[in-house]
Amino acid sequence: MSTAGKVIRCRAAVLWEPRKPLSIEEVEVAPPKALEVRIKIVSSGICSSDDHVVSGSLKVPFPVILGHEAAGIVESIGDGVTTVKPGDKVIPLPNPQCGKCRVCKHPEGNLCLKNDWCSPGGPTGVLQDGTSRFTCRGQAIHHFLGTSTFTEFTVVDEDSVARIDAAAPLEKVCLIGCGFATGYGSAIQVAKVTPGSTCAVFGLGGVGLSVVVGCRAAGAARIIGVDINKDKFAKAKELGATECLNPRDFEKPIQEVLVEMTGGGVDFSFEVIGRLDTMEAALASCHMGYGVSLVVGVPPGAQKLTFDPILLFNGRTWKGAVYGGWKSKDSIPKLVSDFMAKKFPLDPLITHVLPFGQINKGFDLLRAGKSIRTVLTF
Ligand code: COD
Ligand code: ZN
Ligand code: ZN
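Read on for an overview of the structure.

Analysis parameters
- Position numbers for residues count from 1 along each chain, tracking the sequence in the order it is written.
- Note on labels: chains are lettered from A, ligands numbered from 1, in written order.
- Where totals are concerned, whole chains, interfaces and linings use all residues; where local detail is concerned, this predicted model gives features only for residues with pLDDT of at least 70, and gives and counts side-chain atom pairs only at 80 or more.
- With hydrogens and water excluded, all non-hydrogen atoms of the structure serve as input to the side-chain values.
- The numbering of helices and of strands both runs from the N terminus, where a helix is a DSSP run of H or I of at least 4 residues and a strand a run of E of at least 2.
- It is over C-alpha atoms that the radius of gyration is taken, and the globule rule equals 2.2 Å times the number of residues to the power 0.38.
- For every residue, the accessible area (1.4 Å probe, protein chains only) is compared with the maximum for its type, and the residue is labelled buried under 20%, exposed over 50%, or partly exposed between those bounds.
- Residues count as neighbours in contact if any of their non-hydrogen atoms are within 4.5 Å of one another.
- Using a 1.4 Å probe, accessible areas were evaluated by the Shrake-Rupley method; residue-level cover was limited to the displayed protein chains.
- Charged residues are defined narrowly, with Lys and Arg counted positive, Asp and Glu counted negative, and His plus the chain ends left uncounted.
- Charge positions come from single atoms, namely NZ of Lys, CZ of Arg, CG of Asp or CD of Glu.
- Only strands that DSSP links by at least two bridges are regarded as paired with each other.
- Inter-axis angles, ranging from 0 to 180 degrees, are taken between N-to-C directions of lines fitted to C-alpha atoms, where helices are fitted over the stretch in contact.
- A donor here means an N, O or S atom no more than 2.8 Å from the metal, or no more than 3.2 Å when the metal is Na, K or Ca. Since water is not included, a site may seem to lack partners.
- Note on definitions: salt bridges are taken to be side-chain nitrogens of Lys or Arg within 4 Å of carboxyl oxygens of Asp or Glu.
- What makes a residue near a molecule or strand is one non-hydrogen atom of that residue sitting within 4 Å of it.
- In protein, a polar contact requires one atom able to donate a hydrogen and another able to accept it; more generally it is a pair of N or O atoms within 3.5 Å, and residues adjacent in sequence count only if both atoms are side-chain atoms.
- Residues were grouped as follows: Ala, Val, Leu, Ile, Met, Phe, Trp, Tyr, Cys and Pro as nonpolar; Asp, Glu, Lys and Arg as charged; and all remaining residues, including Gly, as polar.
- Only a pair of cysteine sulfur atoms within 2.5 Å qualifies as a disulfide here.

A closer look at the overall build of the chain
- The secondary structure content of the chain amounts to 11 helices and 17 strands.
- Over its C-alpha atoms the chain spans a radius of gyration of 20 Å, differing by no more than 12% from the 21 Å that the globule rule assigns to 378 residues.
- Structurally, the chain occupies a C-alpha span of about 65 × 40 × 40 Å along its principal axes.
- Each of the 378 residues in the chain was classed as buried or not, and the buried ones make up 54%.
- Looking at the chain alone, contacts between residues at least 24 apart form 70% of all its contacts between residues at least 6 apart.
- Here the chain displays about 15,700 Å² of accessible surface, and carbon together with sulfur accounts for 55% of that area.
- Taken as two groups, the 41 positive and 37 negative side-chain charges of the chain have centres that lie 2 Å from each other.

Structural notes on the sheet that holds strand β11 (residues 222–226)
- With parallel pairing, the six strands of this open sheet are ordered in space as β12-β11-β10-β13-β14-β15. Looking along the sheet, the strands with just one partner apiece sit at the ends: β12 (243–245) and β15 (317–320). When strand polarity is set aside, the average angle formed by the axes of neighbouring strands in this sheet is 20 degrees.
- Looking at chain direction, strand β14 (residues 292–295) and β15 are connected through four bridges and run parallel. Each residue of the ladder has a partner; that of S293, found in β15, is W318.

Considerations on the coordination of the zinc ion (ligand 2)
- Around the zinc ion (ligand 2), the protein contributes the donor atoms C98 (SG), C101 (SG), C104 (SG) and C112 (SG), which lie 2.3 to 2.4 Å from the metal centre.
- Between consecutive donor residues of the zinc ion (ligand 2), the sequence gaps follow C-x2-C-x2-C-x7-C. Each member of the pair C98 and C104 is classed as buried.

Section: the side chain of T182
- Positionally, T182 belongs in helix α4 (residues 179–191).
- The class of T182 is buried, set by a relative accessible area of 9%.
- Once residues within four sequence positions are removed from consideration, T182 is found in contact with V207, V296, Y323 and G324.

Observations concerning the pairing of strand β5 (residues 89–92)
- Here strand β4 (residues 69–77) runs beside β5; their pairing, made up of two bridges, is antiparallel. Within β5, the position partnered with I73 by the bridge is K89.
- Relative to strand β9 (residues 161–163), β5 runs antiparallel, the two sharing three bridges. Bridge pairing links V90 to R163 in β9.

Here's the deal with the side chain of S197
- Residue position: S197 is located in the loop between α4 and β10 (198–202).
- Filtering out sequence-adjacent residues up to four positions away, S197 remains in contact with G219, A220, A221, R222, D267 and F268.

Quick word on the pattern of salt bridges
- Under the defined criterion, the tally for this structure stands at 18 salt bridges.
- For R222, the salt bridge goes to E243, with nearest N and O atoms at 2.8 Å. Of this pair, R222 sits in strand β11 while E243 sits in strand β12, and the two are 21 residues apart along the sequence.
- According to the relative accessible area criterion, E243 is partly exposed, its value standing at 21%.
- What emerges from the salt-bridge pattern is a single network uniting K33, E36, D129 and R133.

Focus: the environment of G206
- Mapped onto the fold, G206 is located in helix α5 (residues 206–217).
- C-alpha of G206 to C-alpha of I273: the two residues are 67 residues apart in sequence and 11 Å apart in space.
- Once residues within four sequence positions are removed from consideration, G206 is found in contact with L349, I372 and R373.

Here's the deal with the site of ligand 1
- Around ligand 1, the surrounding shell holds 26 residues, and the nearest of these are S48, G206, V207, D227 and V298.
- At a separation of 2.6 Å, an oxygen atom of ligand 1 approaches a polar side-chain atom of D227.
- For ligand 1, whose accessible area on its own is 910 Å², the fraction buried by protein is 85%.
- Every element with two or more residues in the shell around ligand 1 is listed here: α1 (48–55) and α5.
- By residue number, the principal contributor to the shell around ligand 1 is α5, which donates three residues.
- Of the residues belonging to the shell around ligand 1, the class tally is 11 nonpolar, 11 polar and four charged.

What to know about the state of the cysteines
- One pass over the full model with this rule turns up zero disulfides.
- For C286, which is in no disulfide, the shortest distance to another cysteine sulfur is to C199 and amounts to 9.8 Å.
- Take C286: its relative accessible area is 0%, and that puts it in the buried class.

Brief notes about the sheet that holds strand β2 (residues 23–29)
- Reading across the sheet, the four strands line up as β1-β2-β6-β7 and stay open at both edges, with antiparallel pairing between neighbours. A strand with exactly one partner marks an edge of an open sheet, and here the two such strands are β1 (8–14) and β7 (139–141). Here the average twist between neighbouring strands, direction ignored, is 45 degrees.
- As defined by bridge partners, β2 adjoins strand β6 (residues 134–136) across two bridges and the pair is classed as antiparallel. Among the inter-strand pairings, V29 is bridged to a residue of β6, identified as F134.

Have a look at this one:
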């Protein structure tokens, strides 16, 4: 029997307050309103940004249903929706593409002004019409990044969902929804890594390893991974890192080590940790005159950086970008096609697969540094 137009009762992981485990609850998911899409989630990765909300370092309205790196199937659509239909395989987009705002219209911009992240005063946790589609125990539950994928069903704005290849394996391509797209795009789309170049990647988590994959795809000759957890090195090498360094193995600062071992500095560096000290170290690792350093890690809130501006004056470029610079609705389907054409792997990034009910175990694995990506299956 069709569920279109009806409230769906299903399981969702609700975070009632920070620093608590997620709680599997029965929730009500209202039907999509005009220009909205209800999606049956099939798989969802756990990204560090979800954990930043749990730990309290990323502030969003509570209670909330987290999750933003997923794949699923359209269950029903609201009035006026034209770009997806029931039965389509889709990826929800934590960075929307409205196509109409000033950033979407700019050829280079991708941080759409409809992104809840950009709301003046911080995230609102609601859809574009200003309300939530989730309730639990009589209380409205907030959305997260316009996606909320730790639930069997979610509702998103049409700007926040992209149809993908009907043959795509949803339990893998979910990573393209956030972590992979972010890292890979940072290398090939934002930094525009050049063939034969030397790159340094600070932080070898799921996003950092996706940067490594991007550097390799772009033809970099030397890819130096930097991480304080040496357990990450084997995977980094499997994915294309030519060398790996642990800053704790050296007396001198890691930027000095990198400058020495590359004869003056790297062509491209990436900070994929989200720390101020490593952002500055990554910048200082670049060669003067032309080096480019990219901030990929989410900066810690309410902290400021002091650095020697001679690093920039001497011809280094410091850039940042979210979501790998991709205009999401246009690019995510193409990335899925590229995966289907075997242009890059995703399997090595998926270290654990767990049933949705074991979501807290997935977060524990991430916090313990034991997983790259856990994919939850529904
Ligand atoms: N020096 C070197 N390595 C370090 C240090 C240090 N001082 N501290 C930690 N690390 C290593 C850790 O050992 C770990 O291997 C790695 O850094 C971080 O990895 P994870 O697994 O914690 O995180 P990821 O790869 O999932 O990365 C996420 C970021 C931390 C980069 C996070 O900021 C993010 O998700 N950024 C993406 C930004 C974005 O555009 N997001 C879109 C919506 S989420
Ligand atoms: Zn826009
Ligand atoms: Zn993410």
